[in-house]
Amino acid sequence: MQTNNHYRRFALAYLFLVIIIGIFLMVNICVGSVNISVSEVLDILRGQGSGSVNHDIVMQIRFPRSVATVILGGALALSGYLLQTFFHNPIAGPFVLGISSGAKLVVALTMVISLSRRGAVSSFMMILSAFVGSLISMAFVLALSRVINQMHMLIVGGVMIGYICTAITDFIVTFADDSNIVNLHNWSKGSFSGITWENVAVMFLVVTISTIIVFFLSKPMSAYQMGESYARNMGVNVELFRVLLVLLSSILSACVTAFAGPISFVGIAVPHLIKSLFGTAKPIIMIPSCFLGGAGFCLLCDLIARVAFAPTELSISTVTAVFGAPVVIYIMVHRKRG
């Protein structure tokens, strides 16, 4: 009976997330500087109205942006969940540990060098640059973890690494000569704008493959949550497993940073909210639900960023911080009382 109640709760929670994503996806496509009715959007998605202004707005601007928000939001939440599993800490995330800032730094350097030579930066090059930056920051965090045993001090060390990377990035952007490079300032604050269908295809490929691999790791992940000794007794190669967690979380967060810049608090807040919604920490449930939760959360935040002070668009990190920071504060207070 108890098992049936759990399955019913899981089914309802998944249905809720899917409905929320569907609603926010449609609202994001319909609402903006030019409001488009739902019926017209559906007609455009069916291939009607080709050549009209609204058709171009939907198919070239809003639809790819919304799809990218779903993919990148889900990837960011999943990356945060992997890092929380790796460090056994609910406030570990790519933004807090400085991983996103490291990715941002290397991407900015790559774009500066390419643009100074009048060259273009491909989507795969952006992801590769962000991945290298993520691994460099993660290496520093792991080095600190061998010296610092206290998790809260490790988090502080990650924040300091993030500040250093951000300062260097701002220095590069500030003294750039090319006007295109100066526009990196907007990207460095986090934004889903300017996404093309080519970008969507690349991020879909990278995130889909990474998510499938993560899903196949759900069983050893469940054992690892019980402790490293328990995982070894269950036949898990802990060293290899930890390397896979680092690589997969870095790839996912790098893909987000490459296309949307650093986005704060999603990787921390969403996994915690999903655990509360589903009432479980089982990886086989958390992996797909974190992805859906991150997608819905980022769709809501992107909608607010676009329309709250239109025509001025807020950075996505500004909105995610407003909703995500209180969740982080609650987690820390709750752990202190525990």
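Look above for the structure.
Report follows, based on the coordinates. Predicted model, so just to flag it, every value in this text is computed and none were measured. (Residues numbered from 1 in each chain as written. Predicted model: local features only at pLDDT ≥ 70, side-chain atom pairs only at ≥ 80, totals over all residues. Heavy atoms only, no water.)

### Focus on the packing of aromatic side chains
All told, the structure shown has five aromatic pairs when counted by the stated rule. Centroid distance Y14 to F278: 4.9 Å. Interplanar angle 70°. Geometry classified as edge-to-face. In this pair, Y14 sits in helix α1 (residues 2–30) while F278 sits in helix α13 (residues 266–278), placing the two residues 264 residues apart along the sequence. For Y14, a relative accessible area of 22% corresponds to the partly exposed category. Assessed through its relative accessible area of 1%, F278 is described here as buried. Between F86 and F87 the ring centres are 4.8 Å apart and the planes differ by 75°, which places this aromatic pair in the edge-to-face class. Like F86, the residue F87 is buried in the burial classification. Three or more aromatic residues link up through ring pairs in this structure, and these residues are F10, Y14 and F278. (Phe/Tyr/Trp six-rings, centres within 6.5 Å; stacked < 30°, edge-to-face > 60°. Helix = DSSP H or I, 4+ residues; strand = E, 2+ residues; numbered from the N terminus. Buried < 20%, exposed > 50% of the residue type's maximum accessible area, 1.4 Å probe, protein only.)

### Section: the environment of A269
With respect to the helices, strands and loops of the structure, A269 is situated in helix α13. We classify A269 as buried; its relative accessible area is 0%. A sequence separation of 61 residues divides A269 from Y330, and the C-alpha atoms of the two residues are 9.9 Å apart. Apart from residues lying up to four places away in sequence, A269 is in contact with G324 and V327. (Contact = heavy atoms within 4.5 Å.)

### Brief notes about the nonpolar core
If you look at the biggest cluster of nonpolar residues, it comprises 83 residues, and the most contacted ones within it are F87, M221 and F259. I29, C30, V41 and I57 belong to the second-largest nonpolar core, a separate cluster that totals nine residues. (Core = buried A, V, L, I, M, F, W, Y, C linked by side-chain atoms within 4.5 Å.)

### Some points on the packing of helix α9 (residues 197–216) against helix α10 (residues 218–225)
With their axes 5 Å apart at the nearest point, α9 and α10 run at an angle of 55° to one another. Taken as axis vectors, α9 and α10 run oblique relative to one another. Together, V214, F215 and F216 of α9 and S218, P220 and M221 of α10 make up the contact between the two elements. Partitioning the contact of α9 with α10 into residue classes produces five nonpolar, one polar and no charged. (Axes fitted to C-alpha atoms, helices over the stretch in contact; angles between N-to-C directions. Parallel < 35°, antiparallel > 145°, perpendicular 65-115°, else oblique. Nonpolar A, V, L, I, M, F, W, Y, C, P; charged D, E, K, R; others polar.)

### Quick notes on the pattern of salt bridges
Using the criterion set out here, one finds six salt bridges in the structure. The closest approach of N and O atoms between E228 and R232, which form a salt bridge, is 3.7 Å. Residue E228 and its partner R232 are both found in helix α11 (residues 228–233); the two are separated by four residues, about one turn of the helix. By relative accessible area, R232 is classed as partly exposed at 40%. Where E228 meets R242, a salt bridge forms, and the shortest distance between an N and an O atom there is 3.2 Å. Of this pair, E228 sits in helix α11 while R242 sits in helix α12 (residues 238–260), and the two are 14 residues apart along the sequence. A network of salt bridges, in which partner residues are shared, links E228, R232, E239 and R242. (Salt bridge = Lys/Arg side-chain N within 4 Å of Asp/Glu carboxyl O.)

In short, the description is geometric, and any link to function would need to be established separately.
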